[in-house]
Amino acid sequence: MNRFFTVLCFLAGLQTTYAQHSKLFGSVKDSLSATPIPYASIGLLDAGNKVVDGMITDTAGNFSFSDLKDGKYSLTIKFIGYNQKETTVEVKGQKRIDLGSIFISGAHTSLEQVTVTAEAAGQKHTSDRQTYQAGQYKNAIGGTALDIVKNLPSASVDANGNISMRGNAGIIVLINGKPSFLDPVTLLNQIAANDVAEVEYITSPTAQFDPDGKGGIINLKTKKTATNGLAWVLNLQGGLPSVDDYDNRESQKRFGGDIAFQYRQDKLELNGSANYLRNDNAGFREGDVNTVIGDRQTFFPSKGERSFDKYNFGIRLNSAYEISDKHAVNLGVLASRRFQDRVADIHYTNRTITPSTGQEISRTNYFNPNLQNKQGEFYLLDFSYQYKINAAHSLQLGAIYEYANIYGSTKNANIENGTDTVQWTHNTYTNPLRGLRLSLQHSWALKNGDLLTGYQLRNDKQEGNFEYRASENGTQHLELVPEFTGKLNATNNVHAFFTQFDRKFSNTQLSLGLRYEYYQRDLLLLHTNEEYPYAIHQLYPTFNLMHDIGSGWSWKLAAARRVQRNNNFELNPIPEREHSETLEQGDPELLPEFTTNAETGLVKKLKKGSLFLNAYYQYTKNPIQRVNSVYADTILHRVFTNADYGSRYGMEVGGEGKVLPWLKVNAGLNLYNYKVSGQVLDEKETRTNQDWVYSINTGVQADFSKSWSMGLQVNYLSERPTVQGMDSRFLTPHFNLSKTFLKGAITTQLQWQFIELGDWGVNEQRITTFSHDFYTTTNYIYEKNVFLVNLNFNLHKLNQVLKLPKSEFGEKEF
């Protein structure tokens, strides 16, 4: 503990040491989000156009030049994927020259028609993150941001749509650097893929970021315009009839569209989008379960429909305005709605025997129709204000308010002999969430480094009301069942102070940080008046280093401590009958997971691409596991519990580039060894499970002519151990064929998703768990060979092609 405070004092002392030098200051930022751009190239030229000095911006986007003679200078700013910017500076003996915030705009997202053919690199690597161009994943067109993220080298998505990074399910999702209280999958599904320009995977976040999320941070950077004017893009999508709908009772509907605009006028920048997506999915499940209670063993194999009807729509608006060289504001709004019906109409064959003799006690067949509905309306408002005090100091104030109206229901019946209704149940819930984040951040530019300090507040409150009604023996009257009914209030408060020092050497970038947090969690069961408080003080140190070895090689080293806080679903102790064979329940006394991460890696820049290799280690205390126990002879009790520890060590290797002038390749392999150990529920013996796990994400995109292209993307996830069993492998190959018209103003695309040409087991996954008194295995089979057609209109480019005259001399000069 004393070491951490010593570092704090040391960093604070640096402010006094370095603040007394004359120099030229500046900060390079994204023109839309006003976020700093690290590692941008800065060139300083004299009046004769000779190079005086050069550098790259640090991790906070800052740069500085010292000991300048009087005269006029030209400052040139370059960064991959952004337009080059030049500005003139005159030195007349001033001790400090404050250039303020210099905003540069993205070149790759410009909708202006130009003849430039250079392309932004498909991926970039810095000390704390990996950045990927969204446009390289053609199979995501018409989908959501989740369809982009699942293709990243470190990512994997299972059959239920749950995403993990480097094998960790706990991640945080940011939109243009702004956090949300929503779970990652919900948030990723609210953003249209066509609205995303870049995806950053922050593997080792620095101290300024919330340490929540043991798998790191996904930051979505939305598209923006590069020049003054207004531009629009429209995308329409439709699905062809299902090839195999598994005899589901309803036909699947797949259609959608999204429209995005970008507007820029000098210091004002606006962008927004609206999207709607209906994406039903046919499915089937087959399972086998047996339980043992005393000298009584019950087998209940099952099979039947498991399909999804789902849609989501939303709007996103963002504005940025530079009031003056010292003042800038940003305002953003996100509003969306999500709907999902999950149908599980399952046929069971129950058979009970006496294990000691093998004698059959009973045999029953019954049908369990089950409809689970989840809905929500989500609203987010964020505001930020930046004040540049002088050349060395700046303040940034931010506020984010979020409201989520979450509700749903489950209807369930048990019908014997096809007509006799033994039980009807109907459970409903409302679980609205309100959240607020406040932040105050101070940046101090030193001679060869920057010191960032700040305070952050996080508060969220969720008020749940859960009601369970049932009728027995065919009666129509539903009565409230107190055992499965209740109300709860869950509140989370986090107070955080952080300091971060970034230093640039000639070939090295260094970042040291320390974050202190006080976390308080209060859960109150209103129907029983039981309270479950939890509070803890924690320190989260961070370290990031990147060194340019030369010849295109870079080496990085990073370490950080992180936390995975429990969500309210995991903490909710009110039992829920999801369907006939399961009873789900949380644990209000669950502990957060505390994780220590370390990684090192190499990056090689190629002429037309890049390669990378990372090795990492992770140790987790209190890993959360979802485990089963026997509740009744045909009902399993599914609960959350803490294991003792989990460890993971592995490596990821990947790259992208043009292997031929017409052929692009992206590939990533993540391989790790995972071990989890601990006592499960009331069992006295410690259970340990360990195995190697790997995932492969690879794709090729071939341009056969200026207007025709085709691609193939394959995602594969191997078997994975859990504390009670194993999850099977998961395979999803996708194909796309595109044709452009009118110089790229219109693009048509055919997508063939979940390609199945034999018995590959595409888009299906088996979940198996077992203990001394039960065994359960269920295979979830989802729709294969899904065909979609996309039609994309670049309205600005189309307008140029059809209406606007061209400037012959201007184009030649450009």
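The shown structure was predicted, so the numbers you read here are calculated from the model rather than taken from an experiment.

Give a description of the overall build of the protein chain that names residues and reports values.
In terms of helices and strands, the protein chain carries six helices and 49 strands. Since a compact globule built from 814 residues should have a radius of gyration of about 28 Å, the 28 Å found for the protein chain is in line with a globular shape. With the principal axes as the frame, the protein chain shows a C-alpha extent of 100 × 65 × 45 Å. Burial analysis of the protein chain (814 residues in total) assigns 56% to the buried set. Taking the contacts inside the protein chain whose residues are at least 6 apart along the sequence as the reference set, 67% of them involve residues at least 24 apart. Element-wise, carbon and sulfur atoms account for 56% of the exposed surface of the protein chain, whose accessible area totals about 35200 Å². The positive charge centre, built from 82 side chains, and the negative charge centre, built from 84, are 8 Å apart in the protein chain.

Residues and numbers for the packing of aromatic side chains, please.
Centre distance and the angle of the planes are the two values used to describe a pair of aromatic rings. As enumerated under the stated definition, the model contains 20 aromatic pairs in all. Summarising the aromatic geometry, the rings of Y429 and F466 are spaced 6.2 Å apart at their centres and angled 20° between planes, so their arrangement reads as stacked. Within this pair, whereas Y429 is found in strand β25 (residues 420-430), its partner F466 is found in strand β27 (residues 449-472), the two being separated by 37 residues in sequence. Pair check on accessibility: Y429 and F466 agree, each one buried. Ring geometry for Y455 and F497: centres 5.0 Å apart, planes at 45°, overall tilted. One end of the pair, Y455, is in strand β27; the other, F497, is in strand β29 (residues 486-504), with 42 residues separating them in the sequence. In this structure F497 comes out as partly exposed when scored by relative accessible area, which is 47%. Members of the aromatic cluster, each reached through a chain of ring pairs, are F255, Y276, Y311, F313 and F339.

Any chance you could break down the nonpolar core for me, citing the residues and the numbers?
Ranked by size, the top nonpolar core spans 37 residues in total, and within it L152, I163 and I218 carry the most contacts. The element that contributes the greatest number of residues to this core is helix α2 (residues 145-149), accounting for four residues. The residues touching L152, leaving out its near neighbours within four places in the chain, are Y132, Y137, M165, V199, Y201, I218 and N697. Membership of the second largest hydrophobic core comes to 20 residues, among which are V28, A40, F63 and I104.

Thresholds applied
- Residues numbered from 1 in each chain as written.
- Predicted model: local features only at pLDDT ≥ 70, side-chain atom pairs only at ≥ 80, totals over all residues.
- Heavy atoms only, no water.
- Helix = DSSP H or I, 4+ residues; strand = E, 2+ residues; numbered from the N terminus.
- Rg over C-alpha atoms; globule rule 2.2 N^0.38 Å.
- Buried < 20%, exposed > 50% of the residue type's maximum accessible area, 1.4 Å probe, protein only.
- Contact = heavy atoms within 4.5 Å.
- Areas by Shrake-Rupley, 256 points an atom, 1.4 Å probe, with all protein chains shown as cover.
- Lys, Arg positive; Asp, Glu negative; His and termini not counted.
- Charge placed at Lys NZ, Arg CZ, Asp CG, Glu CD.
- Phe/Tyr/Trp six-rings, centres within 6.5 Å; stacked < 30°, edge-to-face > 60°.
- Core = buried A, V, L, I, M, F, W, Y, C linked by side-chain atoms within 4.5 Å.

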